[in-house]
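The chain contents come next:
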Amino acid sequence: MSGRGKLVVVTSNRHKFEELEKMADPRGVSLEFANLTKIEVQSSSIQEISRVGAVLAFSQLSKPLIVEDAGLFIESLRGFPGPYSSYVLRTLGIEGVLDLMRDRANRRAFFQSVVTYVDEERVVSFTGKVEGEIALSPKGGGGFGFDPIFIPKGSKLTFAEMDLLAKNLLSHRAIAFNRFLDFYLSTFP
Ligand code: IMP
């Protein structure tokens, strides 16, 4: 039996929590959802947004926790919306992003994720990246955010056309979170 308690995940996004839980469960790590009124710093770096968010959350909760921050970076838009992805989703939406891409032959894009873990002794971050393309039109009813327009490399389907298990084999969040789990399980066996 390990002495690990539940690990708190600070997020307002239930979909993210479900994705993480599907990966944590089989590895024997139980997660607890915490929707703090998170203060999210504005920064051009998702690393910084993730780290500052995690440290601020720890100052409120004083429990080991993780914060994950992600962004979609579109090559022909020079990395836009990147760290502003949630703002752009709320304002322009998926259709607005497709409009910006209308005459662009280069559809290359990537998602990046940074998972930051904080406890009394350490602040550690793990990153994950998945390359792919922006679809010509939205497809699929699963997932969240930009999932209907993101086709990961090597696939013909958007993330929104996949089930959670398939998305978790490929996604930026899965890569970052599995790196975190390797660290967590070796630090707290
Ligand atoms: P945040 O990490 O919650 O700040 O996410 C930034 C924005 O990117 C949000 O609007 C999310 O909807 C979007 N996003 C983050 N991860 C994903 C994903 O796995 N699929 C689709 N959209 C995502």
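Residue numbers here run from 1 along each chain, matching the order of that chain's written sequence. Given that the model is predicted, a residue must reach a pLDDT of at least 70 before its local features are reported, and side-chain atom pairs must reach 80 or more before they are shown or counted; all residues, however, enter totals for whole chains, interfaces and linings. Just so you know, side-chain values use all the structure's heavy atoms and leave hydrogens and water out.

Requested: an account of helix α1 (residues 14-24), with residues and values cited.
Those residues of α1 that sit buried are Lys16, Phe17, Glu19, Leu20, Met23 and Ala24. All buried residues of α1 fall inside an arc of 160 degrees around its axis, so they share one side. In what follows, a contact means two residues having at least one pair of non-hydrogen atoms within 4.5 Å. Helix and strand assignments follow DSSP, with helices taken as H or I runs no shorter than four residues and strands as E runs no shorter than two, numbered in order from the N terminus. Residues of α1 that are buried in the fold lie against β1 (7-10), β2 (31-34), β3 (65-74), α5 (164-170) and α6 (172-187). With a side-chain oxygen positioned 2.9 Å from the backbone nitrogen of His15, the residue opening α1 is Asn13. Only protein chains enter the area calculation, which uses a 1.4 Å probe; residues under 20% of their type maximum are buried, those over 50% are exposed, and those in between are partly exposed. Here the arc refers to the set of directions running from the helix axis out to each C-beta atom. The term polar contact refers here to a pair of N or O atoms within 3.5 Å; inside protein, the definition further demands a hydrogen-donor-capable atom paired with an acceptor-capable atom, and it admits residues adjacent in sequence only when both atoms are side-chain atoms.

With reference to specific residues and values, describe the site of the ligand.
Every one of the 14 residues lining the ligand counts as a neighbour, but Lys16, Ala70, Asp147, Lys167 and Arg173 are closest to it. Residue Phe146 places a main-chain N or O atom 3.0 Å away from a nitrogen atom belonging to the ligand. One nitrogen or oxygen atom from the side chain of His172 is found 3.2 Å from an oxygen atom belonging to the ligand. Using a grid of 1 Å spacing that covers the protein atoms alone, one calls a set of points a cavity when a 1.4 Å probe fits there but cannot get out, and a pocket when the set is open and has protein on both sides within 12 Å along at least five of seven lines; lining residues are those with an atom within 4 Å of a point. More than half of a molecule's atoms lying within 2 Å of a cavity's or pocket's grid points is what places that molecule inside it. If you map the ligand onto the pockets, it falls in the largest pocket. Here the shell around the ligand gets three residues from one element, more than from any other, and that element is helix α3 (residues 85-91). Gly is put with the polar residues, along with every residue not named as nonpolar or charged; the nonpolar set is Ala, Val, Leu, Ile, Met, Phe, Trp, Tyr, Cys and Pro, and the charged set is Asp, Glu, Lys and Arg. Considering only residue class, the shell around the ligand consists of five nonpolar, four polar and five charged. Throughout this document, a residue counts as near a molecule or strand when at least one of its heavy atoms sits within 4 Å of that molecule or strand.

Run through the layout of surface pockets, naming residues and quoting values.
Grid points are joined across faces, edges and corners, and a volume is the space filled by probe spheres set on the points. Of the volumes computed, that of the largest pocket is approximately 600 Å³. Contributing to the lining of the largest pocket are 29 residues, with Asn13, Lys16, Ala70, Ser86 and Phe144 lying nearest its centre. If you list the elements that add at least two residues to the lining of the largest pocket, you get β3, α3 and α6. A breakdown of the residues in the lining of the largest pocket according to their chemical character gives 10 nonpolar, 10 polar and nine charged.

Quick one: what's the story with the packing of aromatic side chains, residue by residue and with numbers?
Each aromatic ring pair is specified by the distance between its two centres and by the angle formed by the two planes. In this analysis, rings of Phe, Tyr and Trp, with Trp reduced to its six-membered ring, are considered paired at centre separations within 6.5 Å, and the interplanar angle assigns stacked below 30 degrees, edge-to-face beyond 60, and tilted for intermediate values. Summed over the entire model, instances satisfying the criterion amount to 15 aromatic pairs. Chaining the aromatic ring pairs together yields one cluster made of Tyr117, Phe126, Phe177, Phe180, Phe183, Tyr184 and Phe188. The ring centre of Phe110 lies 4.2 Å from the NZ or CZ of Lys129, which sits over that ring. The lysine or arginine in question, Lys167, covers the ring of Phe159, its NZ or CZ lying 5.2 Å from the ring centre. Put simply, a charge is over a ring when the Lys NZ or the Arg CZ is close to the ring centre, within 6 Å, and near the line of the ring normal, within 35 degrees.

Before we move on, could you go through the pairing of β2 and cite the residues and values that matter?
Inspection of the sheet shows β1 paired to β2 by four bridges, in the parallel sense. Each residue of the ladder has a partner; that of Leu7, found in β2, is Leu31. Considered for its hand, the β-α-β crossover made up of β1, α1 and β2 is right-handed. Here, a strand pair is defined by DSSP locating no fewer than two bridges between the strands. For the handedness criterion, the strands are oriented away from the viewer, and a crossover whose path from the first strand over the helix to the second runs clockwise is classed as right-handed.

I'd like to hear about helix α2 (residues 46-61), residue by residue, with values.
The end-to-end C-alpha separation of α2 is 22 Å, in line with the 22 Å expected for 16 residues at 1.5 Å each. The elements touched by buried residues of α2 are β1, β3 and β5 (108-118). Ser62 sits one or two positions beyond α2 and adopts a positive phi of about 50 degrees. Given a helix with a known number of residues, its expected span is that number minus one, times 1.5 Å.

Any chance you could break down the pattern of salt bridges for me, citing the residues and the numbers?
In what follows, salt bridge is the name for a side-chain nitrogen of Lys or Arg lying within 4 Å of a carboxyl oxygen of Asp or Glu. All told, the structure shown has 11 salt bridges when counted by the stated rule. Here Arg27 and Asp182 are joined by a salt bridge, their closest N and O atoms 2.7 Å apart. Separated by 155 residues along the polypeptide, Arg27 in the loop between α1 and β2 and Asp182 in helix α6 bring together distant segments of the chain. The exposure class of Asp182 is partly exposed, given its relative accessible area of 42%. With a closest N to O distance of 3.0 Å, Arg108 and Glu75 form a salt bridge. Of this pair, Arg108 sits in strand β5 while Glu75 sits in the loop between β3 and β4 (81-82); the two residues are 33 residues apart in sequence, bridging distant segments of the chain. Classification of Glu75 by relative accessible area gives partly exposed; the value is 45%.

Tell me about the packing of α1 against α6, residues and numbers included.
Simply put, an axis is a line fit to the C-alpha atoms, just over the touching stretch for a helix, and the angle between two N-to-C directions goes from 0 to 180 degrees. The contact between α1 and α6 brings their axes to 10 Å, and the two run at 45 degrees. Between α1 and α6, the angle is such that the two are oblique. Every pair of crossing elements has a handedness; the one defined by α1 and α6 is right-handed. Contacts from Lys16, Glu19, Leu20, Met23 and Ala24 of α1 reach α6 at Arg173, Ala174, Phe177, Asn178 and Leu181. Geometric relationships in this document are graded by angle, where less than 35 degrees denotes roughly parallel, more than 145 denotes roughly antiparallel, 65 to 115 denotes roughly perpendicular, and other angles denote oblique. Each crossing gets its handedness from the near helix: less than a right angle anticlockwise from the far helix is left-handed, clockwise is right-handed.

Geometric descriptors of this kind do not, in isolation, establish any biological role.
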